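Below are the chains, spelled out letter by letter.
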Amino acid sequence: MNVARPLGTMEIEKTLEVEIAGNIQELARGSNSVFRQAEGADAEISTENLAGLLRRVAEGSTREVDNLISDLQALRRKLNSDGNRIQREITEYSELSQQVMQLTNIISESVKKLPATR
């Protein structure tokens, strides 16, 4: 089943995937020394190193989620604003259409009252 997505969603997802993959690789590169140190150290130091690594990964993910939430809130405000503008324009169009109908009726009635010329 195809899911309809707004324009740009695929690009955003790809960008996020690339960025997250880069963050994971960066953390993995930086954490190699942490794991090597942990091999010779006791379990407590290893646990602290792992906790620090997980905290850094979580911070990056949390930051991304916060950014996405912010973007979605901005899109919601724009959608509401555009919806209100469209509703106003529909109302204005309806009023204008009614005025044109009234004017058409007035003209039609006036033409009927004109004397017939033959």
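Let us look at the structure shown here.

Reading the values: the criteria
- Residues numbered from 1 in each chain as written.
- Predicted model: local features only at pLDDT ≥ 70, side-chain atom pairs only at ≥ 80, totals over all residues.
- Heavy atoms only, no water.
- Helix = DSSP H or I, 4+ residues; strand = E, 2+ residues; numbered from the N terminus.
- Buried < 20%, exposed > 50% of the residue type's maximum accessible area, 1.4 Å probe, protein only.
- Areas by Shrake-Rupley, 256 points an atom, 1.4 Å probe, with all protein chains shown as cover.
- Patch = residues over 30% accessible without salt bridge, like charges linked within 9 Å, V, L, I, M, F, W, Y side chains within 5 Å.
- Salt bridge = Lys/Arg side-chain N within 4 Å of Asp/Glu carboxyl O.

## Some points on the overall build of the protein
At step 1: The helix and strand tally for the protein stands at 2 helices and 0 strands.
At step 2: When the 118 residues of the protein are sorted by exposure, 8% land in the buried category.
At step 3: Summing over all exposed atoms, the protein offers an accessible surface of approximately 10600 Å²; the carbon and sulfur share of this is 58%.

## Observations concerning a nonpolar patch on the surface
At step 1: Taken together, the side chains of L103, I107, V111 and L114 present a nonpolar region at the surface, about 400 Å² in accessible area.
At step 2: Of note, V111 is situated in helix α2 (residues 43-113).

## A few points about the pattern of salt bridges
At step 1: By the definition in use, this model includes 3 salt bridges.
At step 2: For K78, the salt bridge goes to D82, with nearest N and O atoms at 2.8 Å. Here the residue K78 and the residue D82 both occupy positions in helix α2, the gap between them amounting to 4 residues, near one helical turn.
At step 3: Here D82 falls in the partly exposed class, since its relative accessible area comes to 24%.
At step 4: The closest approach of N and O atoms between E109 and K112, which form a salt bridge, is 3.7 Å. Placement of both E109 and K112 in helix α2 is noted, with a separation of 3 residues, approximately one turn of the helix.

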